[in-house]
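Take a look at the letters that make up each chain.
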Amino acid sequence: WIEYHIRKCDVIIPLVAIATPNVYVKDPLKVFQLDFEANLKIIKWVAKYHKRIIFPSTREVYGMSPEKIFNEYTTTLVVGPVHKSRWIYSCSKQLLDRVIIAYGEQGDLDYTLFRPFNWIGPKLDSLEQAQLGNGRVLPIFIHNLLHNKDLILVGGGEQTRCLTWIDEGIAALVNIIYNEKDELNGKIFNIGSPGNNLSIKKLAQLLIDEYDKLFPNKYKGKLITKSQKEFYGKGYEDIPVRVPDIQEAERLLNWSP
Ligand code: UDP
């Protein structure tokens, strides 16, 4: 069924993947089976029928790279040891990126890779997911605010993220899809907001302040710290800083966040 549709399509964008750190740690094989194995099949069909693929790579591929700003073409990718299963997502995506690029260089497909940097917006995670500590940081914090629970800063909360509003991310993706100048083949794009670089601690405080403006004195929780191991388990390692270089997106997609 999927092969049939790939044969009929001009552009294939395989968006299905588990992208939740908690699951990388708790169920790494599920991540491998869906994110890697299922997507590899699709990539092979795209190559077989010589189609164009727009593939969601990930900011996770840069891992714990010590570079201050992550560039698509020059940054060295750094992941932790194999027992730290958090990296199975990063490695799965990195290998798929490499497979796509190899097929592209062989002339079997056209490709553009894009790497979302902490896109946020409605439906990022359900609040039920967040309740189980299973979602991304923003829905978890929102859930905890609404339920008067403490906000947990993993490892102290000094790590930073560049949250990116979903509509802006989608605007970049739409530009990639239209590819009007046909010059996006073989390109990789970081899609994120470097100007939003914010520590998780500051994010938590910002949310509490905003909530307090809406519902004065209602929130009774506080900020507490848990270690990475306590919050995620032994297979986790955090990423201290993660700032995208978006010059390529600004130049070729005529886009800025
Ligand atoms: N985090 C946190 N408290 C939470 C959930 C997450 O401090 O309740 C931290 C997490 O350790 C990470 C950051 O928030 O450093 C962003 O986590 P998220 O899962 O949203 O995305 P990612 O780590 O993939 O950027």
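To keep things clear, this report deals only with the structure shown in the data block. All values derive from a computational prediction rather than experimental measurement. (Residues numbered from 1 in each chain as written. Predicted model: local features only at pLDDT ≥ 70, side-chain atom pairs only at ≥ 80, totals over all residues. Heavy atoms only, no water.)

1. Details of the overall build of the protein
A tally of regular secondary structure across the protein gives 10 helices and 10 strands. Taken over the C-alpha trace, the protein has a radius of gyration of 19 Å; the compact-globule value for 257 residues is 18 Å, and the two agree within 12%. Taken across its 257 residues, the protein has 47% of its residues classed as buried. Long-range pairs, those at least 24 residues apart, make up 79% of the contacts in the protein between residues at least 6 apart in sequence. For the protein, the exposed surface amounts to about 13300 Å²; the carbon and sulfur share of it is 56%. If the 33 positive side-chain charges of the protein are averaged to one point and the 30 negative ones to another, these points end up 6 Å apart. (Helix = DSSP H or I, 4+ residues; strand = E, 2+ residues; numbered from the N terminus. Rg over C-alpha atoms; globule rule 2.2 N^0.38 Å. Buried < 20%, exposed > 50% of the residue type's maximum accessible area, 1.4 Å probe, protein only. Contact = heavy atoms within 4.5 Å. Areas by Shrake-Rupley, 256 points an atom, 1.4 Å probe, with all protein chains shown as cover. Lys, Arg positive; Asp, Glu negative; His and termini not counted. Charge placed at Lys NZ, Arg CZ, Asp CG, Glu CD.)

2. A short note on the site of the ligand
Not every one of the 20 residues close to the ligand is listed here, only the nearest: Val137, Ile152, Arg161, Asp238 and Arg242. In the environment of the ligand, an oxygen atom lies 2.7 Å from a nitrogen or oxygen atom belonging to the backbone of Val137. Contacts to the ligand include Ile152, whose backbone N or O atom sits 2.7 Å from a nitrogen atom. Compared with its free state, where it exposes 530 Å², the ligand has 99% of that area covered by protein. At the level of secondary structure, the elements contributing two or more residues to the shell around the ligand comprise helix 6 (137-146), strand 5 (151-154) and helix 9 (228-232). Looking at the shell around the ligand residue by residue, the classes come out as 11 nonpolar, 2 polar and 7 charged. (Near = heavy atom within 4 Å. Polar contact = N/O pair within 3.5 Å; in protein donor to acceptor, adjacent residues only side chain to side chain. Nonpolar A, V, L, I, M, F, W, Y, C, P; charged D, E, K, R; others polar.)

3. Comments concerning helix 7 (residues 166-178)
Taking 1.5 Å as the rise per residue, helix 7 with 13 residues should run 18 Å; its terminal C-alpha atoms sit 18 Å apart, in good agreement. All of the buried residues along helix 7 are Gly169, Ala172, Leu173 and Ile176. Buried positions in helix 7, seen along its axis, are confined to an arc of 100 degrees and lie on one side of it. The exposed residues of helix 7 that point more than 90 degrees off its buried face are Asp167 and Tyr178. As for helix 7, its buried residues are in contact with strand 2 (52-56), strand 3 (110-116), strand 4 (119-120), strand 7 (164-165) and strand 8 (187-191). (Expected span 1.5 Å × (residues − 1). Arc of directions from axis to C-beta.)

4. Here's the deal with the pairing of strand 3
Burial runs high along strand 3: 6 of the 7 residues are buried. Alignment of strand 2 against strand 3, held across 5 bridges, turns out to be parallel. Looking across to strand 3, one finds that Arg52 is bridged to Asp110. Handedness of the crossover is the feature at issue here: the chain leaves strand 2, passes through helix 4 (residues 87-105), returns alongside strand 3, and the resulting connection is right-handed. Of the strand pairs in this sheet, strand 3 and strand 8 are connected by 5 bridges, and their pairing is parallel. Within strand 8, the residue paired with Leu113 across the bridge is Ile188. (Pairing = 2+ DSSP bridges. Right-handed = clockwise from strand over helix to strand, strands pointing away.)

5. Topic: the environment of Leu153
Turning to its location among the elements, Leu153 is positioned in strand 5. For Leu153, a relative accessible area of 3% puts it in the buried group. Note: C-alpha distance between Leu153 and Ile224 (71 residues apart in sequence) is 6.0 Å. Those residues in contact with Leu153 that lie beyond four places of it in its chain are Phe141, Ile200, Lys201, Ala204, Leu223, Ile224, Thr225 and Lys226.

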